[in-house]
Every structure is written in structure tokens, then in C-alpha cells.
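Okay, here's what each chain looks like letter by letter:
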Amino acid sequence: MARKPNSKAGLVLSLGSSTIAVVRSVNRMRRKRGEQDRLETANAVAGLLPLITSALLVARRLRGHPQQPAA
């Protein structure tokens, strides 16, 4: 996620766009798995992981958990 929205509406929009990206990536992964293309399936799975992480980070901010201090 390039920027961190501060408003609740911005967080909800960010979560929605992350969710759409996850759904599209899952569909791509299923399509490639159906074609039995292991390399493309692995690529789709690898692309899915940062999307899921981003969606979870936004969801955590929406729930109001404090941010972790930078290390």
C-alpha cells in the first residue's frame, strides 16, 4: 500500500479495492490451476500474498488497533 489513508472512508475504500484485487487474483490462480500450468499458478499465488497482507493491515486499522512503532 503506497499511502495510508487517514479517514474511515479512505480505509473502507482501500479495503474494498484490496478485496477486489484478491478476488481477481484468486480467479486467475484457479484458471491457471485448471490449465495445469504450475509456474503460472505459483506466480498467481505469489502475487496474492501481498494483496492479502495489505487487506489485513487495512482491516486492522479499521478496527482501531494502534500502529506498531517503526523498528
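Thresholds, definitions, all that
- Counting of residues starts from 1 at the beginning of each chain's written sequence and follows it residue by residue.
- Restriction of local features to residues with pLDDT of at least 70 applies here, the model being predicted, together with a cutoff of 80 or more for giving and counting side-chain atom pairs; totals for whole chains, interfaces and linings are based on all residues.
- The side-chain quantities take in all heavy atoms of the structure and omit both hydrogens and water.
- Working definition: helices are DSSP H or I runs of at least four residues, strands are E runs of at least two. Numbering for both runs from the N terminus.
- Expected helix span is computed as 1.5 Å times (number of residues minus one).
- The contact definition used throughout considers only heavy atoms, calling two residues in contact when any of these lie within 4.5 Å.
- Throughout this description, the term salt bridge denotes a Lys or Arg side-chain nitrogen within 4 Å of a carboxyl oxygen of Asp or Glu.

1. Quick notes on helix α1 (residues 8-34)
- An ideal rise of 1.5 Å per residue puts 39 Å on 27 residues; α1 measures up with 39 Å between its terminal C-alpha atoms.
- At its buried positions, α1 is contacted by α2 (38-63).
- In the stretch just after α1, Gln36 is the one whose phi turns positive, near 55 degrees.

2. Points about the pattern of salt bridges
- Taken as a whole, this structure holds two salt bridges when the rule is applied.
- A salt bridge links Glu35 to Lys32; the nearest nitrogen and oxygen atoms lie 3.6 Å apart.

3. With respect to the environment of Glu40
- Turning to its location among the elements, Glu40 is positioned in helix α2.
- C-alpha of Glu40 to C-alpha of Arg28: the two residues are twelve residues apart in sequence and 9.2 Å apart in space.

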